[in-house]
Amino acid sequence: MPLLNVPWAQAEIYLGCAKNGSEFPVEIGLNPVITKAGTFVISSVVDITERKYIEEQIKKTNEALQLANQMKSTFISMVSHELRTPLSSMKSGTDILLDELEGPINENQRETLNITKRNIDRLNRLISNVLDYSRLEAGKMAMVYEKTDLHELINEVCHSVTTDLHEKNLQLTQELPSEPLSIVCDSDKCKQVLLNLLNNAIKFTEAGTIWLRVIPENDTIRFEVQDTGIGIPKEDHEKIFRMFEQSQQREHLKSSGSGVGLAVAKLIVQEQKGKITVTSEPGKGATFKVWIPRNP
Amino acid sequence: MGEMASKVYIIDDEKDVALLMSKQIRALGYDVTCLYKGEGSLEKIRSGRPHLVFLDIRLPDISGIEIFKMLREDEECKEIPIVFFSAHSEQEHYCLNQLGATAFVKKPYDLLELKNLIKSILQ
């Protein structure tokens, strides 16, 4: 046997035959032992039926998991399309009435339609976040890096939350350097991170101000969203970034969210090789900080 | 705009979406036509010569992407601005950067952004 020529143990698998004629897998090991008296061989024959069975089970489980994961992605993509399409009609219909394309509306009707529209937007954001989370988790989110003007990006983000701020009578203060500032990033995804943080701040702040800051550091840009809301106890600082989870304190609120926005924000930031942190105490508001590299 | 109103085609099998969008675009003063399937749309575009086409990606017969490619290879239609219009936002990068579409509108769309886009293309 060639096994004798190598100084380490080797084993091969053969089929053994039991007394009753049934076959079973055996592992035959040959282990050379070199002594002064000469080279000896330790041989072993092991019935590996059980090991083989477990290996087969693991393989099957892995295949089933891969299939399930694939099905999950297809399912989420399909659901997203099937939800967004009717949502699109609902939004257009509301816009048509609000734009008075089909006749004048009174203030009560306008209020009702604005509420409907706000909730359509909210549902749309939720769908986008869940879909993005599933893509990010599966490593299927392709980032599109491009040079992005931060003044423009911040303006667009702030514009998107105008109605929500107005509804709760909250102030939003932008603080960013007056000189032009750009970054190479996936601008849509960066917008989504800031929007998620702002929406989170709006949701949990009943009165006061929200600050959105942009602070250039050496190789990174630091974004900060600070609110004067209910705050988050320290023990929940990690939990709030996990999907579908949120602070215990916030769960009691009527308007408690879905626990999706911050989880997605964290994954997007990590995908862009950045970092996200929170500092907060109950009753003292919260500050979320995001660092994004200037060049990926 | 009077009799010379620019022509906008919407190709989308989701009739509700197309109908409501057509109302919004018509209100801006454009002449809007809705087509609800891919089949025959190329011929209708050839004969109608719209100034702008909104094209859904997922159509039941021919995909919007196939229609786009055929239009781009067609001598008479290759200059027509084509805006993809889809709930599949993940296709945006491909449609804009690989195919070279004029724009990509995600469903549900923001009306103000839609108005600005149409104006910027048809001005």
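Residues numbered from 1 in each chain as written. Chains lettered and ligands numbered in written order. Predicted model: local features only at pLDDT ≥ 70, side-chain atom pairs only at ≥ 80, totals over all residues.

1. Brief notes about helix 5 (residues 111–122) of chain B
Residue and element names in this part refer to chain B. For helix 5, which comprises 12 residues, the first-to-last C-alpha distance of 16 Å matches the rise-based estimate of 16 Å (1.5 Å per residue) to within 8%. Along helix 5, the positions that sit buried rather than exposed are Leu 114, Leu 117 and Ile 118. Seen end-on, helix 5 carries its buried residues on one side only, within an arc spanning 95°. Exposed side chains of helix 5 directed beyond 90 degrees from the buried face belong to Leu 112, Glu 113, Asn 116, Lys 119 and Ser 120. Taken together, the buried residues of helix 5 touch helix 1 (15–26), strand 3 (52–56) and strand 5 (103–106). (Helix = DSSP H or I, 4+ residues; strand = E, 2+ residues; numbered from the N terminus. Expected span 1.5 Å × (residues − 1). Buried ≥ 20, exposed ≤ 12 C-beta atoms within 10 Å, placed from the backbone. Arc of directions from axis to C-beta. Contact = placed C-beta atoms within 7 Å.)

2. Side note on the domain arrangement of chain A
Residues and elements named next belong to chain A. For chain A, the assigned domains are domain 1 (2–47), domain 2 (65–137) and domain 3 (146–293). A C-alpha centroid distance of 22 Å is found between domain 2 and domain 3. Contacts between the two partners involve seven residues from domain 2 and, on the opposite side, 10 residues from domain 3. Considering only residue class, the side of domain 2 that touches domain 3 consists of four nonpolar, one polar and two charged. (Domains from an automatic or database assignment. Nonpolar A, V, L, I, M, F, W, Y, C, P; charged D, E, K, R; others polar.)

3. Describing the confidence of the model for chain A
For chain A, per-residue confidence averages 88 on the pLDDT scale, and 93% of positions sit at 70 or higher. In this model residues 1–6 of chain A is a low-confidence stretch, pLDDT under 50, and it forms five contacts with partners more than four residues away in sequence or in other chains. (pLDDT = per-residue confidence, 0-100.)

4. Side note on the sheet that holds strand 4 (residues 82–86) of chain B
Whenever strands of a sheet pair, they do so through backbone hydrogen bonds, lying parallel or antiparallel. All names here are of chain B. Overall, parallel pairing links the five strands, which are arranged 2-1-3-4-5 in an open sheet. The open sheet has two edge strands with one neighbour each: strand 2 (31–35) and strand 5. Strand-to-strand twist in this sheet, taken as the mean axis angle between neighbours without regard to direction, amounts to 20°. With four bridges connecting them, strand 3 and strand 4 associate as parallel partners. Paired with Val 53 across the strands is Ile 82, a residue of strand 4. (Pairing = 2+ DSSP bridges. Axes fitted to C-alpha atoms, helices over the stretch in contact; angles between N-to-C directions.)

5. Observations concerning the interface of chain A and chain B
Each partner contributes residues to the interface: chain A has 17 residues there, and chain B has 15 residues. Secondary structure elements with two or more residues in the side of chain A that touches chain B: helix 1 (49–98) and helix 2 (107–137) of chain A. Considering each element in turn, the side of chain A that touches chain B owes the most residues, 12 residues, to helix 1 of chain A. Among the residues making up the side of chain A that touches chain B, the classes are represented as six nonpolar, eight polar and three charged.

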